[in-house]
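Each chain, written out:
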Amino acid sequence: MAKMWEGVTSGITDSLADDFNSSIGFDSRMYAEDIKGSMVHAEMLSNKGIIAQDEAEKIIEGLEGILSDIENGTLKIDYSCEDIHMFIEAELTGRLGELGKKLHTARSRNDQVALDLRLNMRKEIDEISDLLKEFIGIICDKAEENKGIIMPGYTHLQRAQPITFGHQIMAYAMMFLRDIERLADAKKRLNISPIGSCALAGTTYNTDRFFEAEKLGFEGPCLNSIDGVSDRDFVLEILFDISAIMMHLSRFSEEIILWSSWEFKFITLDDAYTTGSSIMPQKKNPDMAELVRGKTGRVYGDLMALLTTLKGIPLAYNKDMQEDKEGVFDAVDTVKMCIKIFIGMIKTLKTIPENMLKAAQKGFINATDLADYLVKKGESFRNAYKISGKIVADCMENGYILENYPLEKYKEKSRLFESDLYDAIDLTECVNKRISFGGTGIKSVENQISVVREKLK
Ligand code: ARG
């Protein structure tokens, strides 16, 4: 096919070089953004008298036709074109003849691709945020259901203090809320229009970049045209934000994998989100959670790849920048899929309260409460800590747990112990006494759920 840029070069390229150079295989997903940008561009050109009004109308009508034909499947993308911008322009020229060639006045593919990608990423940010909101809603529901279900809370993966399952998973709601905020923040910097930067230096035509920016829903045009075509910070920010979401999903995955193992058995995953083994009949594997954890590595790779691509390239546009798209599209598709999977997996998972409670009873996780009991009776915390530690050691040696360690023995360790100590170390008591703001007590978790639900509105 004759190259649009045939002129100083013959336009005849090696076919392997064509394939290597081509981006239409992945940038065709921006066809709607490309067409939208072109429509606004044509309107601006006619507003400013650069092309005639009836010409702009015909161009816009032609572009509308192309859009609906792609959408209803009658127009197939021609993968022999170099990129989506070339394809649409060629198609328009095919339909309108010479007039189609006027569309590219006062613009370049350099500002065109920057525009398309910003529009595309803006849409993706909204989609990811909506999915996260839905997911947080599901976490709140699950937390509500399990706000009184006691489990061991861990530090260093050692049983630490009793908490509720509701409290534990609400921690994830906080992470995903921050992720939404981060995306919204990235969107602010993304929402600046590069169109009209042209190749790099702006243009001699009397264009109206403010009109184009406003029509396309941007805050305004970028202030520096060289930056307009060179900047891919918005892609990096989105990649980082997606990486953070994946990191959060991956930590959640890790806990789900642990909790559904026989060693813990705190939860069962619905069959719909597990797989069996081809050889071991007893297996029910948490593949979805493992895959999410695994895919996190790939998304980090997408971020590192673009950071590395950009680090050495001079201003303004360089073809290296074409490498921005595959990675970020991969990251966007991956994170959306992972959130969708998590929504179903969390919605359907069932907790096994007896096992959580049993685990909570075993690890002396009320030892802090035992010490606090003595403090309330007048002992200093440091002494109370030592006394409680000795009691735990004695229990371990003689096969007791704190709950059935006899009162006489307690009294031998401190004369402050009375029979009400057993109430103080009762696990439900321990949880509900944690009334500090943000703590694990039922009232506090209820508050967390309602504040988060309010934010989601
Ligand atoms: N396919 C190109 C990209 O993705 C579009 C911009 C091409 N510009 C150029 N001067 N060759 O970056």
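First things first, this report covers the structure right here in the doc. (Residues numbered from 1 in each chain as written. Predicted model: local features only at pLDDT ≥ 70, side-chain atom pairs only at ≥ 80, totals over all residues. Heavy atoms only, no water.)

## Quick word on the overall build of the chain
Reasoning step 1: The helix and strand tally for the chain stands at 19 helices and 4 strands.
Reasoning step 2: If you line up the chain on its principal axes, its C-alpha atoms span 100 × 50 × 40 Å.
Reasoning step 3: Residues counted as buried form 51% of the 457 residues belonging to the chain.
Reasoning step 4: For the chain, restricting intrachain contacts to residue pairs at least 6 apart in sequence, the fraction spanning at least 24 positions comes to 75%. (Helix = DSSP H or I, 4+ residues; strand = E, 2+ residues; numbered from the N terminus. Buried < 20%, exposed > 50% of the residue type's maximum accessible area, 1.4 Å probe, protein only. Contact = heavy atoms within 4.5 Å.)

## Comments concerning the environment of Ala201
Reasoning step 1: By the secondary structure assignment, Ala201 is in the loop between helix 7 (165-190) and helix 8 (209-215).
Reasoning step 2: Assessed through its relative accessible area of 66%, Ala201 is described here as exposed.
Reasoning step 3: In this structure the C-alpha to C-alpha distance between Ala201 and Asn224, which are 23 residues apart in sequence, comes to 8.7 Å.

## What to know about the site of the ligand
Reasoning step 1: Every residue close to the ligand is listed here: Ser23, Asp27, Asp83, His85, Arg109, Asn110, Val113, Tyr317, Gln322 and Lys325.
Reasoning step 2: Ser23 is positioned with one of its side-chain polar atoms (N or O) 3.0 Å from a nitrogen atom of the ligand.
Reasoning step 3: A distance of 2.4 Å separates an oxygen atom of the ligand from a polar atom in the side chain of Tyr317.
Reasoning step 4: Here the ligand loses 86% of its free accessible area of 340 Å² to cover by the protein chains.
Reasoning step 5: Broken down by element, the shell around the ligand gets its largest block of residues, 3 residues, from helix 6 (residues 109-145). (Near = heavy atom within 4 Å. Polar contact = N/O pair within 3.5 Å; in protein donor to acceptor, adjacent residues only side chain to side chain. Areas by Shrake-Rupley, 256 points an atom, 1.4 Å probe, with all protein chains shown as cover.)

## What about the nonpolar core?
Reasoning step 1: Within the largest apolar cluster, 72 residues are counted, with the highest numbers of intra-cluster contacts made by Phe135, Phe176, Leu249, Phe252 and Ile339.
Reasoning step 2: Mapped onto this core, the elements with two or more residues apiece are helix 6, helix 7, helix 10 (233-259), helix 11 (287-311), helix 12 (324-348), helix 13 (353-362) and helix 19 (442-456).
Reasoning step 3: What Phe252 contacts, discounting residues up to four positions off in sequence, is Phe135, Ile139, Ile169, Tyr172, Phe176, Trp259, Phe342 and Ile346.
Reasoning step 4: In this structure, Tyr31, Leu45, Ile66 and Leu103 belong to the second largest nonpolar core, which totals 32 residues. (Core = buried A, V, L, I, M, F, W, Y, C linked by side-chain atoms within 4.5 Å.)

## Overview of the state of the cysteines
Reasoning step 1: Here the structure, examined in full by the defined rule, presents 0 disulfides.
Reasoning step 2: Not engaged in a disulfide, the cysteine Cys198 finds its nearest cysteine sulfur in Cys222; these two sulfurs lie 10 Å apart.
Reasoning step 3: By relative accessible area, Cys198 is classed as buried at 6%. (Disulfide = S-S within 2.5 Å.)

## Digging into the packing of aromatic side chains
Reasoning step 1: Per the stated rule, a full pass over the model turns up 14 aromatic pairs.
Reasoning step 2: With a centroid separation of 3.9 Å and 5 degrees between ring planes, the pair formed by Tyr172 and Phe252 is classed as stacked. One end of the pair, Tyr172, is in helix 7; the other, Phe252, is in helix 10, and 80 residues separate them in sequence.
Reasoning step 3: Owing to a relative accessible area of 4%, Tyr172 belongs among the buried residues under this scheme.
Reasoning step 4: On the basis of relative accessible area, Phe252 is assigned to the buried category, the value being 1%.
Reasoning step 5: Note on Phe264 and Phe266: the rings are 5.3 Å apart at their centroids and 85 degrees apart in plane angle, and the pair reads as edge-to-face. For the pair shown, Phe264 and Phe266 are each scored as buried. (Phe/Tyr/Trp six-rings, centres within 6.5 Å; stacked < 30°, edge-to-face > 60°.)

## Regarding the pattern of salt bridges
Reasoning step 1: Counted by the stated rule, this structure contains 36 salt bridges.
Reasoning step 2: A salt bridge links Asp324 to Arg232; the nearest nitrogen and oxygen atoms lie 2.7 Å apart. With a gap of 92 residues between them, Asp324 in helix 12 and Arg232 in the loop between helix 9 (225-230) and helix 10 connect regions that are remote in the sequence. Judged on exposure class, the residue Asp324 and its partner Arg232 are both buried.
Reasoning step 3: Among the ionic contacts, a cluster of salt bridges with common partners joins Arg29, Glu124, Glu127, Asp333 and Lys336. (Salt bridge = Lys/Arg side-chain N within 4 Å of Asp/Glu carboxyl O.)

## A few points about the environment of Ala171
Reasoning step 1: Within the fold, Ala171 resides in helix 7.
Reasoning step 2: Between the C-alpha atom of Ala171 and that of Gln448, which follows or precedes it by 277 residues, the distance is 9.5 Å.

## Some words on the packing of helix 6 against helix 7
Reasoning step 1: One way to put it is that helix 6 packs onto helix 7 with a least axis distance of 9 Å and a crossing angle of 165 degrees. With respect to their mutual orientation, helix 6 and helix 7 come out roughly antiparallel. Where helix 6 crosses over helix 7, the handedness of that crossing is left-handed. (Axes fitted to C-alpha atoms, helices over the stretch in contact; angles between N-to-C directions. Parallel < 35°, antiparallel > 145°, perpendicular 65-115°, else oblique. Left-handed = near helix turned anticlockwise from the far one by under 90°.)

## Here we look at the packing of helix 10 against helix 11
Reasoning step 1: One way to put it is that helix 10 packs onto helix 11 with a least axis distance of 8 Å and a crossing angle of 160 degrees. The orientation of helix 10 relative to helix 11 falls into the category roughly antiparallel. Relative to helix 11, the crossing made by helix 10 is left-handed.
Reasoning step 2: Residues belonging to the contact of helix 10 with helix 11 are distributed by class as follows: 18 nonpolar, 4 polar and 5 charged. (Nonpolar A, V, L, I, M, F, W, Y, C, P; charged D, E, K, R; others polar.)

The values reported here are purely geometric and, on their own, carry no functional implication.
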